[in-house]
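Here's the letter readout for the chains.
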Amino acid sequence: GAVVSQHPSRVICKSGTSVKIECRSLDFQATTMFWYRQFPKQSLMLMATSNEGSKATYEQGVEKDKFLINHASLTLSTLTVTSAHPEDSSFYICSATDPGQPNQPQHFGDGTRLSIL
Amino acid sequence: GENVEQHPSTLSVQEGDSAVIKCTYSDSASNYFPWYKQELGKGPQLIIDIRSNVGEKKDQRIAVTLNKTAKHFSLHITETQPEDSAVYFCAASPPAGTALIFGKGTTLSVSS
């Protein structure tokens, strides 16, 4: 079964709206979660690393004031796309690593399809 | 930083044939190489992974090989079935707990 839950799965909203996406680790505590963005027919591009209890680390070219990340607990990280515009439309996916598993594979959520009108 | 190249971008095979997808990586410090299968509208699902202290790993019809010297790793799927049709991504990562760097993906189509 799923070990990482992402919500919502689909969002359609007007330009200028802020959208919050939640990523939860089920059955394990994740001190680190990752947020990726995937445009159609392209690969996953890392946006930021979410660290529980501290500031997120953003990749070059990703605006931290645009994509707010909060990792307030060991099982929840949120990504808020502020004042979203059509160019922010994409598939956003989070992942988490279970430190209790010997090989620590990354488990991905099912993604959030964001469509800005 | 790490850079992962993946080939081919598309692969079409007949049911029952084998499929091979190849990746190369640039950072010799990377030591973890997972493969993910992504179906339309869903997140990637881990199908197999390998660490740098192992040369080959097999799980039923799926196998992965790693050549550390050449910085190559490959996914092998035998006896392909239509349900194997999906996009496959290779990835590389430095030590555990860090983000994955993905290849561009391979769209595999298995026709019956």
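The coordinates are above.
Residues numbered from 1 in each chain as written. Chains lettered and ligands numbered in written order. Predicted model: local features only at pLDDT ≥ 70, side-chain atom pairs only at ≥ 80, totals over all residues. Heavy atoms only, no water.

Draft legend 1. Examining the pattern of salt bridges more closely. All names here are of chain B. In this structure the tally under the stated criterion is five salt bridges over all chains. E39 is the partner of K37 in a salt bridge, and the nearest nitrogen-oxygen pair spans 3.7 Å. The class of K37 is buried, set by a relative accessible area of 17%. Residue classification places E39 among the partly exposed positions, given a relative accessible area of 39%. Put simply, R61 and D84 hold a salt bridge, and the shortest N to O gap is 2.9 Å. Taken together, the residues span a long stretch of sequence, with R61 in the loop between β6 (56-59) and β7 (62-67) and D84 in the loop between β8 (72-77) and β9 (86-92) at a distance of 23 residues. (Salt bridge = Lys/Arg side-chain N within 4 Å of Asp/Glu carboxyl O. Buried < 20%, exposed > 50% of the residue type's maximum accessible area, 1.4 Å probe, protein only. Helix = DSSP H or I, 4+ residues; strand = E, 2+ residues; numbered from the N terminus.)

Draft legend 2. Focus on the pairing of strand β3 (residues 19-25) of chain A. Residue and element names in this part refer to chain A. Because side chains alternate across β3, one face comprises the buried residues V19, I21, C23 and S25, and the other comprises K20, E22 and R24, none of which is buried. By the bridge criterion, four bridges tie strand β1 (residues 4-7) to β3 in an arrangement that is antiparallel. Bridged to Q6 within β3 is C23. (Pairing = 2+ DSSP bridges.)

Draft legend 3. Fine view of the state of the cysteines. Counting across every chain of the model gives two disulfides over all chains. With a sulfur-sulfur separation of 1.9 Å, B:C23 is cross-linked through a disulfide to B:C90. Sign of the S-S torsion, about -95° for the bond between B:C23 and B:C90, identifies this disulfide as left-handed. Here B:C23 is found in strand β3 (residues 19-25), whereas its partner B:C90 is found in strand β9, with 67 residues between them in sequence. Comparing B:C23 with B:C90, the two get one shared label, buried. A:C94 supplies the cysteine sulfur nearest to A:C13, a cysteine that is in no disulfide, at a spacing of 18 Å. (Disulfide = S-S within 2.5 Å.)

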